[in-house]
Amino acid sequence: TGPAEPWAGVREMIGREIQAKRIPSVSLAVIKDGGIVWEEAFGLADLENRVEATPRTVYPIASVTKPFTATAIMILAERGLVDLDRPAGAYLPQGSLKAFEGDVAGVTIRRLLQHTSGLAMYWDFYFEGASRPRPPLETVLRRYAIVVAPPGGDYNYSNLGYAVLESVIERVSGRSYPDFMTTEVFRPLGLSRTEVLTSPPDWPDASRKYGPSLAPIPFCDHTTRGASAIHATAHDLASFLLLHLRRLRPDQKPILQPRSIDVMRTARDPDVRFSSYALGWETGRRFG
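Q: Even after reading the chapter, I still don't get the overall build of the chain, so can you show me in this structure?
A: Looking only at helices and strands, the chain features nine helices and 12 strands. Its C-alpha radius of gyration of 20 Å places the chain within 12% of the 19 Å reference for a compact globule of 288 residues. Dimensions of the chain, computed from C-alpha atoms along their principal axes, come out at roughly 55 × 45 × 35 Å. Counting all 288 residues of the chain, 45% fall into the buried class. Considering only intrachain contacts with a sequence separation of at least 6, the fraction spanning at least 24 residues in the chain is 70%.

What follows is the structure, encoded as structure tokens:
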């Protein structure tokens, strides 16, 4: 492609994939040299109402929630309210964590961030309109926060671990997880269309979920909100990334010190084989 249209090839590829795989919509933002250089969306965010997707269409970002939660933990660490190498249980009510194998004292904040705490993979969805109510987070931890492998021994990707971090944020800050994320992360970074959603979004142009047959999927809440409950736009995700590239815009506030940002993407557990997960960020290589 020529310099006048550097994204033409990517745009054509996306168009082909949308048609071939019946993808409702794709929204993207590209960063180069500390700025957003391309934003575009393709397809329909809402098939039934023929709502076109845009770079500011709100989508559920699933596990991209995790680096947001990790950022919140690092804010608390910088304020001296959380010690990354202290047991998470020190910040939680007694009995929140149990051990089938190993010792809960080894479940540190750092290991929770790195998925090396020994907690199992657990999550649950609560769909809009269903009769089954979502239990309080404290109940979820008492039932399921069980260490099943020695902490620091293996890498085991765990949504449950990020639910523990969610609870730590609430206990230490004295605020709900959605409130802390909004006031301490989203607003200072100018993420105006990013939210921890516990009920269907109010935005009329928010994307809808669809299954393989393009049947609509109802909104769902999570037991592990700290792992997967944030909704955001491509534009806001790019703006969040500017923080972690240390290239903030003038209108964004530096909510983390440079050292914390560096640690988040380099602090892998050296004693755990096959792990390239740092503090909220996957840092390994895939497919070359």
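Moving on, there is more to tell.
Q: Any chance you could explain unusual backbone geometry here in plain terms?
A: As a rule of thumb, non-glycine residues mostly have phi less than zero, and peptide bonds are mostly trans rather than cis. In the Ramachandran plot, A62 falls in the positive-phi region, its phi being about 55° despite a non-glycine side chain. By the secondary structure assignment, A62 is in the loop between β4 (59–60) and α2 (65–78). Given the relative accessible area of 42%, A62 is considered partly exposed.

Q: Mind showing me how you'd approach the sheet that holds strand β1 (residues 25–32) here?
A: Across a sheet, paired strands are connected by hydrogen bonds in the backbone, their directions being either parallel or antiparallel. Strand order in the open sheet made by the three strands is β1-β2-β3, with antiparallel pairing throughout. Of all the strands in the sheet, the pair left with one neighbour each is β1 and β3 (51–52). Relative to strand β2 (residues 35–46), β1 runs antiparallel, the two sharing eight bridges. Within the sheet, the bridge partner assigned to K32 lies in β2 and is G35. Set on the sheet, helix α1 (residues 8–21) makes contact with β1 and β2; between it and β2 the angle comes to about 20°.

Q: What's the story with the packing of aromatic side chains in this structure? I'm lost.
A: Pairs of aromatic rings are described using the distance from one ring centre to the other and the angle between the two planes. Tallied over the full model, the rule gives eight aromatic pairs. Judged by centre distance (3.8 Å) and plane angle (15°), the rings of F68 and F240 are stacked. In this pair, F68 sits in helix α2 while F240 sits in helix α8 (residues 234–244), placing the two residues 172 residues apart along the sequence. Summarising the burial analysis for this pair, F68 and F240 share the class buried. Each residue in the set F68, F186, F240 and W281 is aromatic and connected to the rest through ring pairs, giving one cluster. In this arrangement the basic side chain of R86 is found over the ring face of Y91, its NZ or CZ atom lying 5.2 Å from the centre.

Thresholds, definitions, all that
Residues numbered from 1 in each chain as written. Predicted model: local features only at pLDDT ≥ 70, side-chain atom pairs only at ≥ 80, totals over all residues. Heavy atoms only, no water. Helix = DSSP H or I, 4+ residues; strand = E, 2+ residues; numbered from the N terminus. Rg over C-alpha atoms; globule rule 2.2 N^0.38 Å. Buried < 20%, exposed > 50% of the residue type's maximum accessible area, 1.4 Å probe, protein only. Contact = heavy atoms within 4.5 Å. Pairing = 2+ DSSP bridges. Axes fitted to C-alpha atoms, helices over the stretch in contact; angles between N-to-C directions. Phe/Tyr/Trp six-rings, centres within 6.5 Å; stacked < 30°, edge-to-face > 60°. Lys NZ or Arg CZ within 6 Å of the ring centre and 35° of its normal.

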